Amino acid sequence: GICSPVAVVPDATGRSQSLGAVSPRAVFLSIPTLTDAPADSVRAGVGDLLANPLALRDWALAAERGLEEIDQRAWDLSAESIELIRLHLDADPEQSAKDPVFLRRLADALILSGMAMILSGSSRPASGAEHEISHAIDLCYGGRALHGAQVAFGCIISIELYAEDTAAFRRQLATLSLPRHPAELNLTEGDLVRLLLEAPDTRPGRFTVLEDADLDAEAARALVRRIWSSAPPRK
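Cut-offs used in this document
Within every chain, residues take consecutive numbers counted from 1 along the sequence as written. Given that this is a predicted model, residues contribute local features only at a pLDDT of at least 70 and side-chain atom pairs are listed and counted only at 80 or more, while totals for whole chains, interfaces and linings are drawn from all residues. Excluding hydrogens and water, the side-chain figures rest on all heavy atoms present in the structure. Strand pairing follows a simple DSSP-based rule, namely that at least 2 bridges must link the two strands. Per the convention used, a helix needs a DSSP run of H or I reaching at least four residues, while a strand needs a run of E reaching at least two, with both numbered from the N terminus. Cavity and pocket criteria rest on a 1 Å grid covering protein atoms alone: a 1.4 Å probe that fits but cannot get out defines a cavity, protein on both sides within 12 Å along at least 5 of 7 lines defines an open pocket, and an atom within 4 Å of a point defines a lining residue. Grid points are joined across faces, edges and corners, and a volume is the space filled by probe spheres set on the points. Under the convention adopted here, Pro, Cys and the residues Ala, Val, Leu, Ile, Met, Phe, Trp and Tyr are nonpolar, Asp, Glu, Lys and Arg are charged, and Gly plus all remaining residues are polar. Lines fitted to C-alpha atoms define the axes here, with helix axes fitted over just the stretch in contact, and angles between the N-to-C directions of these axes take values from 0 to 180 degrees. Working rule for angles: under 35 degrees goes down as roughly parallel, over 145 as roughly antiparallel, 65 to 115 as roughly perpendicular, anything else as oblique. Contacts: residue pairs with any heavy atoms within 4.5 Å of one another. Expected helix span is computed as 1.5 Å times (number of residues minus one). When a residue's accessible area, from a 1.4 Å probe over protein chains only, is under 20% of the maximum for its type it is buried; when over 50% it is exposed; and in between it is partly exposed. Working note: the arc is built from the helix axis to C-beta atom directions.

**A few points about the pairing of strand 2 (residues 16-20)**
Successive side chains on a regular strand alternate, one facing one side of the sheet and the next facing the other.
Turning to step 1, where the next piece is worked out: The pairing of strand 1 (residues 6-10) with strand 2 spans five bridges and is antiparallel. Following the sheet pairing, valine 6 is matched in strand 2 by glycine 20.
Turning to step 2, where the next piece is worked out: Linkage of strand 1 to strand 2, two consecutive antiparallel strands, is achieved through a turn of five residues, within which glycine 14 is found at a positive phi near 95 degrees.

**Overview of empty space enclosed by the protein**
Over the atoms a probe the size of a water molecule is rolled, and this reveals where empty space is left.
Turning to step 1, where the next piece is worked out: Evaluation of the coordinates by the stated rule reveals one cavity of 30 Å³ or more.
Turning to step 2, where the next piece is worked out: Of the volumes computed, that of the largest cavity is approximately 90 Å³.
Turning to step 3, where the next piece is worked out: In this structure, the largest cavity is lined by Val42, Arg43, Val46, His88, Leu89, Ala91, Pro93, Ser96, Ala97, Phe102, Leu176 and Leu178.
Turning to step 4, where the next piece is worked out: Those elements that place two or more of their residues in the lining of the largest cavity are helix 2 (39-50) and helix 5 (93-96).
Turning to step 5, where the next piece is worked out: If you tally residues by element for the lining of the largest cavity, the top one is helix 2, at three residues.
Turning to step 6, where the next piece is worked out: Looking at the lining of the largest cavity residue by residue, the classes come out as nine nonpolar, two polar and one charged.

**Examining the packing of helix 2 against helix 3 (residues 52-64)**
Turning to step 1, where the next piece is worked out: Taken N-terminus to C-terminus, the directions of helix 2 and helix 3 make an angle of 25 degrees; their axes are 5 Å apart at the nearest point. The orientation of helix 2 with respect to helix 3, classified from their angle, is roughly parallel. Contacts between helix 2 and helix 3 involve Asp48, Leu49 and Leu50 on the former and, on the latter, Asn52, Pro53 and Leu54.
Turning to step 2, where the next piece is worked out: Of the residues that constitute the contact of helix 2 with helix 3, the class distribution is four nonpolar, one polar and one charged.

**Notes on the environment of leucine 67**
Turning to step 1, where the next piece is worked out: Here leucine 67 is to be found in the loop between helix 3 and helix 4 (72-85).
Turning to step 2, where the next piece is worked out: Apart from residues lying up to four places away in sequence, leucine 67 is in contact with Ala62 and Phe207.

**Focus on the layout of surface pockets**
Turning to step 1, where the next piece is worked out: Considering only enclosed or pocket space, the second largest pocket measures out at about 250 Å³ in volume.
Turning to step 2, where the next piece is worked out: What lines the second largest pocket is simply Leu50, Pro53, Leu54, Arg57, Ile82, Arg86, Leu89, Ile159, Glu164, Phe169 and Gln172.
Turning to step 3, where the next piece is worked out: For the lining of the second largest pocket, the secondary-structure elements that each account for two or more residues are helix 3 and helix 9 (166-175).
Turning to step 4, where the next piece is worked out: Of the residues forming the lining of the second largest pocket, the biggest block, three residues, is contributed by helix 3.
Turning to step 5, where the next piece is worked out: Residues that form the lining of the second largest pocket fall into these classes: seven nonpolar, one polar and three charged.

**Some points on helix 12 (residues 217-228)**
Turning to step 1, where the next piece is worked out: Compared with the 16 Å implied by 1.5 Å per residue over twelve residues, the 17 Å span of helix 12 between its first and last C-alpha is a close match.
Turning to step 2, where the next piece is worked out: If you check which residues of helix 12 are buried, you get Ala220, Leu223, Val224, Ile227 and Trp228. Projected onto a plane normal to the axis of helix 12, the buried residues spread over an arc of 105 degrees and lie on a single side. Projecting away from the buried face of helix 12 at angles above 90 degrees are the exposed residues Glu218 and Arg226.
Turning to step 3, where the next piece is worked out: Buried residues belonging to helix 12 abut helix 8 (147-161), helix 9 and helix 10 (189-198).

Structure below.
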């Protein structure tokens, strides 16, 4: 993260792992450098922020079970971060990736998200079930896309488990050129079932909508088919 108490680094086998880190005292970002960044990197930054509302919902779910306490300052920063870019979510992602105004907002939003984690002392304000799914992709398959893109894909699962409009969210991902179908990450139905079963183990002790669902293999397969049975991959 560009401003958080967590660093995602490769282990000896090249797979990503999250480690505790010293939070930065300051962050310098060169806008001219960012305008030269690959569009995929910019989209991944957006994808990571799409998780924040769901991560907060998972945090509230854990608090309702008496498993967590909400840090209101951290909550507010996480909520504010996605609002900074919300008006840009329907824009052409190729144009946004070269727009200095948007890049400044995106950078500010990601820094606010990191500050929320610093205040809470954990990744809770910005990491829920969707991050567990991304971590499971890293663990089981060595990663299939940039972290933020995998997180955006994982959000689809959370939204379905919360019985919200999954199809509308997939359309949003299509607009942003983020993966919305397992085939875009080279994942099969069987792969997804495995990921859903193993994802909770990537963050032991963290309670999210995925832990609440307590899926077995049959229920995981039914969930996958419910979401994607009639959804073709992007061409």
